[in-house]
Amino acid sequence: MSAEAALRTRPVRRHGSQTAIPCLFMRGGTSRGPFFDGRLLPGDTGTRDAVLLAAMGSPDPRQIDGVGGGHPLTSKVGIVRPGTEPGVDVEWTFAQVQPAGGAVDTSSNCGNMLAAVLPFAVETGMVVPVADRTTARVLTRNTGMVAEITVATPAGPDGTRHVAYEGTTRIDGVPNAAAPVEIGFLDTAGSVAGALLPTGRTRDTVEVPGVGPVDVTLIDNGQPLVIVAAERLGATGHETPAEIDADEALRARVEALRLVCGEAMGLGDVTERNYPKMTLVAPPRHGGTLTTRSLIPRVCHQSIGVLAAVTAATACVLDGSVARDVAAGVSGTEPTVSVEHPSGAFAVTLGLDPDDPRRVVRSALLRTARLLMAGDLLVPRSVWDPVPTSQENA
């Protein structure tokens, strides 16, 4: 029986007083969470969000009554379905659930969770591999971003091809080596803010209550970022995430800046939004291009998000940007930018338009992914019960 046929024989069903939804629990890059076939979730957005909140255990800082990990990086959901547009093999929606929050945000991207989308599609039969390497075009429904993703799909003893998870590729922030997931982002400028530089400038000076004038670069090449020199906010840029999280005065200054910059980027009141992300930059210490500390948006990332790294790398090639002030050794039409972060470094290779060096046409990088668990995720039937009353309980 094929993986897709197996999925079809295990639909959403009742399990006693709960609803059982087929689910794969996966790590993508430095994030993890449940992945669902979007065709099996409620079509109504409100009901779908209620299901996701119940599944993750929110709102609760520990998410003790769900599968969330009590941190924004481990409180993420992937919703995947076959492509519905020409030239698109798979489409997905990324859902961010804050542990203590009561809402589901589908307005932003997650390049780490993206790394698990093609493996999920192969596991569930949405994509059928026919060679040792499988490439698919994946559309992120949140922002319209398209990426080409490639994974290894060797044949087993019976000739059936599967996703290879074991390998020698290491990414900082994940303790074990794994098979590479190759991701090529295609023209991601303005994914949320509508333009690479929403204000049209590589540097703006904004007035922040209680802080004063602050130089920033407001940029979106897959993720809306506010890039600011760490020293301007009273930091070094080399603090540990725990030190930043414990510094309430620093985080208050960062949040005040974020609210002002959200308006300047045309994003409106971002008080309840997960973007723009905040990126504190400083000169590199370990041979990279620059050092970053990324807040997502109010908790410091243990490393840096994929699309945040792509966007920060892009800022390094723009003359006049805040990132350019501290960046070391960036040149050429295909520069590789090493973005240092608390767990190591993240290398991004940029393809620049020779006729317009401010236009990035492709961003290439490596991630890894792994299937952690397969089965059903259970939510109370009071949240969602799509099964006809005549169906027997499982």
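Given the structure is predicted, the values throughout are model-derived calculations rather than measurements.

K.L.:
Tell me about the overall build of the protein chain, residues and numbers included.
P.N.:
Assigned secondary structure in the protein chain consists of 8 helices and 17 strands. For the protein chain, whose C-alpha radius of gyration is 21 Å, the value lies close to the compact-globule estimate of 21 Å for 394 residues. The principal-axis extents of the C-alpha atoms in the protein chain amount to approximately 65 × 45 × 35 Å. A total of 394 residues make up the protein chain; the buried ones form 54% of that total. When the accessible surface of the protein chain is summed, it comes to about 15800 Å², and 49% of that surface belongs to carbon and sulfur atoms.

K.L.:
Summarise helix α2 (residues 45-56); cite the residues concerned and give the values.
P.N.:
Three or four residues apart is the spacing at which side chains of an α-helix point the same way, because the helix has 3.6 residues per turn. For α2, with 12 residues, the first-to-last C-alpha span of 16 Å sits near the 16 Å given by 1.5 Å per residue. Regarding α2, the residues found buried are R48, D49, V51, L52, L53, A55 and M56. Those residues of α2 that are buried lie in contact with β2 (18-28), β3 (31-37), β4 (76-82), β5 (90-97), β6 (104-105) and β17 (356-380).

K.L.:
Could you give an account of helix α6 (residues 248-264), with specific residues and numbers?
P.N.:
Taking 1.5 Å of rise per residue, the 17 residues of α6 would be expected to cover 24 Å, and the 24 Å separating its terminal C-alpha atoms lies within 8% of that figure. Residues L250, V254, E255, A256, L257, R258, C261 and G262 constitute the buried set of α6. Contact partners of the buried residues in α6: β10 (204-208), β11 (212-220), β12 (224-229), α5 (241-246), β13 (277-282) and β14 (290-295). Once α6 ends, the next one or two residues include G266, with phi positive near 80°.

K.L.:
Tell me about the pattern of salt bridges, residues and numbers included.
P.N.:
Considering all chains together, one arrives at 18 salt bridges under this definition. With its nearest N and O atoms 3.2 Å apart, the salt bridge here joins E85 to R141. Within this pair, whereas E85 is found in the loop between β4 and β5, its partner R141 is found in the loop between β7 (133-140) and β8 (145-152), the two being separated by 56 residues in sequence. Note on E85: relative accessible area 37%, which makes it partly exposed. Taken together, the shared-partner salt bridges in this structure form one network comprising R14, R381 and D385.

K.L.:
Could you give an account of empty space enclosed by the protein, with specific residues and numbers?
P.N.:
Considering all chains together, one arrives at 2 cavities of 30 Å³ or more under this definition. Reported here for the largest cavity is a volume of approximately 180 Å³. Of the residues forming the lining of the largest cavity, the biggest block, 3 residues, is contributed by helix α7 (residues 306-316). Partitioning the lining of the largest cavity into residue classes produces 8 nonpolar, 10 polar and 2 charged. By volume, the second largest cavity amounts to about 40 Å³. Of all elements in the fold, only β8 and β9 (180-186) reach the threshold of two or more residues within the lining of the second largest cavity. Residues that form the lining of the second largest cavity fall into these classes: 10 nonpolar, no polar and no charged.

K.L.:
Break down the packing of aromatic side chains for me, citing the residues and quoting the values.
P.N.:
Across all of its chains, the model carries 2 aromatic pairs by this definition. Aromatic side chains F35 and F120 sit 6.0 Å apart centroid to centroid with 35° between the ring planes, which places their arrangement in the tilted category. Taken together, the residues span a long stretch of sequence, with F35 in strand β3 and F120 in helix α4 (residues 117-123) at a distance of 85 residues. In this structure F120 comes out as buried when scored by relative accessible area, which is 2%. A centroid spacing of 6.0 Å and a plane angle of 45° characterise the contact between W92 and F94, whose relative ring orientation is tilted.

K.L.:
Help me get a handle on the side chain of T289, residues and values and all.
P.N.:
Structurally, the position occupied by T289 is in the loop between β13 and β14. Setting aside anything within four residues of it in sequence, one finds T289 in contact with P284, C316, V326, A327, A328, V330, T336, V337 and S338.

K.L.:
Quick rundown of the nonpolar core? Include the residues and the values.
P.N.:
One finds F35, W92, L114, I183 and F185 to be the most contacted residues of the largest nonpolar core, which totals 62 residues. For this core, the leading source of residues is α7, giving 9 residues. Each residue touching F185, except ones within four places of it in the same chain, is listed here: L114, M145, V146, A147, V306, L307, V310, V361, R362, S363 and L365. One finds A193, V206, L233 and C261 within the second-largest nonpolar core, a separate group that totals 26 residues.

K.L.:
Mind laying out the confidence of the model for the protein chain, listing which residues take part and the relevant values?
P.N.:
Where the model shows low pLDDT, its predicted coordinates should not be examined in detail. In this model, the protein chain carries a mean pLDDT of 92, and residues with pLDDT of at least 70 account for 96%. The low-confidence segment residues 1-8, where pLDDT is below 50, has 15 contacts with residues more than four positions distant or belonging to other chains.

K.L.:
So, the environment of L197: which residues are in play, and what are the values?
P.N.:
Tracing the backbone through its elements, the reader meets L197 in the loop between β9 and β10. Accessibility expressed as a relative area gives 8% for L197, which makes it buried. Sequence separation of L197 and R358 is 161 residues, and the distance between their C-alpha atoms is 9.8 Å.

What counts as what
Residues numbered from 1 in each chain as written. Predicted model: local features only at pLDDT ≥ 70, side-chain atom pairs only at ≥ 80, totals over all residues. Heavy atoms only, no water. Helix = DSSP H or I, 4+ residues; strand = E, 2+ residues; numbered from the N terminus. Rg over C-alpha atoms; globule rule 2.2 N^0.38 Å. Buried < 20%, exposed > 50% of the residue type's maximum accessible area, 1.4 Å probe, protein only. Areas by Shrake-Rupley, 256 points an atom, 1.4 Å probe, with all protein chains shown as cover. Expected span 1.5 Å × (residues − 1). Contact = heavy atoms within 4.5 Å. Salt bridge = Lys/Arg side-chain N within 4 Å of Asp/Glu carboxyl O. 1 Å grid on protein atoms, 1.4 Å probe; cavity = no way out; pocket = protein on both sides within 12 Å on 5 of 7 lines; lining within 4 Å. Points joined across faces, edges and corners; volume = space filled by probe spheres on them. Nonpolar A, V, L, I, M, F, W, Y, C, P; charged D, E, K, R; others polar. Phe/Tyr/Trp six-rings, centres within 6.5 Å; stacked < 30°, edge-to-face > 60°. Core = buried A, V, L, I, M, F, W, Y, C linked by side-chain atoms within 4.5 Å. pLDDT = per-residue confidence, 0-100.

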